[in-house]
Amino acid sequence: MKFTVLSLFPGILRGFFNDSIMAKAVQRGLVDYELVNIRDYAYDKHRVCDDAPYGGGAGMVLKPEPLARCLDSVAASGKRVVFPTPSGRPFTQAVAADLAREEELVFICGRYEGIDQRIIDLYVDDEVSIGDYVISSGEISTLVMVDAIYRLLDGVITRESLEEESFTQPLLEYPHYTRPEDFRGLRVPQILLGGHHAHIEDWRLKKRVEKTLTMRPDLLEGEGIDEEIRRMRDAMRGTSEG
Ligand code: ADE
């Protein structure tokens, strides 16, 4: 899969692509990427990329011409173009999985108040929000999405890690421990030291249900919760209410 990212501040993005698991995925040919500086497509003397909004109001808007030229330079019209924006539909694991099926994705990193609506009308396929808050850097929201997407690609991380994760099932993760056995008087739960696989699995499931009930009870309300989990949830609720 190829990620093409259009940005006024590509330096913010570079470190992510050059380090850690992403760098390995690039080296192994699982991921390709291109960072394109929108300012290189502003042809006036001062390479201006923003302007005041028609109709007045606070802030500046990214001008359409440099962005359009930049999008044309990467042949965006034939590709799926994603614009991270607080006005988009929510970014979820399901959206990440859907985007991970593409051969190539083009991201537009917004700045200021936003981008000219005509760029959205002409080029953008998906307007997506990473949450109900506003951040100032479209680079950060793009990286959140790129990270969630590329790790789903075959070979980037183990299938086992993916399967165990929160949000691929409607349960949050169980707590993790590593050495030492005793850290500042807090001991690793005895059950994890015993090596009894079935008991460990039972304990982990119970912890996942407990955690979900505390942090995200909404996840345990929908259809598709299996019978065992439903029973554990009801028993835990009975305990906390009684
Ligand atoms: N840019 C600024 N805030 C954002 C958000 N919540 N989601 C996506 N892009 C954004």
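Residues numbered from 1 in each chain as written. Predicted model: local features only at pLDDT ≥ 70, side-chain atom pairs only at ≥ 80, totals over all residues. Heavy atoms only, no water.

**Student:** Quick one: what's the story with the side chain of T85, residue by residue and with numbers?
**Tutor:** Of note, T85 is situated in strand β5 (residues 80–90). Contacts of T85, omitting those with residues within four sequence positions, involve E127, V128 and S129. (Helix = DSSP H or I, 4+ residues; strand = E, 2+ residues; numbered from the N terminus. Contact = heavy atoms within 4.5 Å.)

**Student:** So what about the layout of surface pockets? Which residues, and what values?
**Tutor:** One number sums up the size of the largest pocket: a volume of about 440 Å³. Lining the largest pocket are 26 residues, with F83, P84, T85, P86 and E113 positioned closest to its centre. Among the elements of the structure, β5, β7 (114–115), α5 (117–123), β8 (126–129) and α6 (138–150) are those that each provide at least two residues to the lining of the largest pocket. In terms of residue count, β5 provides more of the lining of the largest pocket than any other element does, five residues in total. A per-class count over the lining of the largest pocket returns 11 nonpolar, 11 polar and four charged. (1 Å grid on protein atoms, 1.4 Å probe; cavity = no way out; pocket = protein on both sides within 12 Å on 5 of 7 lines; lining within 4 Å. Points joined across faces, edges and corners; volume = space filled by probe spheres on them. Nonpolar A, V, L, I, M, F, W, Y, C, P; charged D, E, K, R; others polar.)

**Student:** Describe the sheet that holds β8, listing the residues and the values that go with them.
**Tutor:** Pairing is parallel in the open sheet, where five strands are placed in the order β2-β1-β6-β5-β8. The outermost strands of the open sheet, each flanked by one partner alone, are β2 (32–37) and β8. Averaged over all pairs of adjacent strands, the angle between their axes in this sheet comes to 30°, without regard to strand direction. The pairing of β5 with strand β6 (residues 104–108) spans three bridges and is classified as parallel. By the bridge assignment, V82 is partnered in β6 with F107. Contacts between helix α1 (residues 10–18) and the sheet are confined to β1 (2–7) and β2, with β2 contributing the most and set at about 165° to the helix. Sitting on the sheet, α6 is in contact with β1, β5, β6 and β8, with an inclination near 160° to β6. (Pairing = 2+ DSSP bridges. Axes fitted to C-alpha atoms, helices over the stretch in contact; angles between N-to-C directions.)

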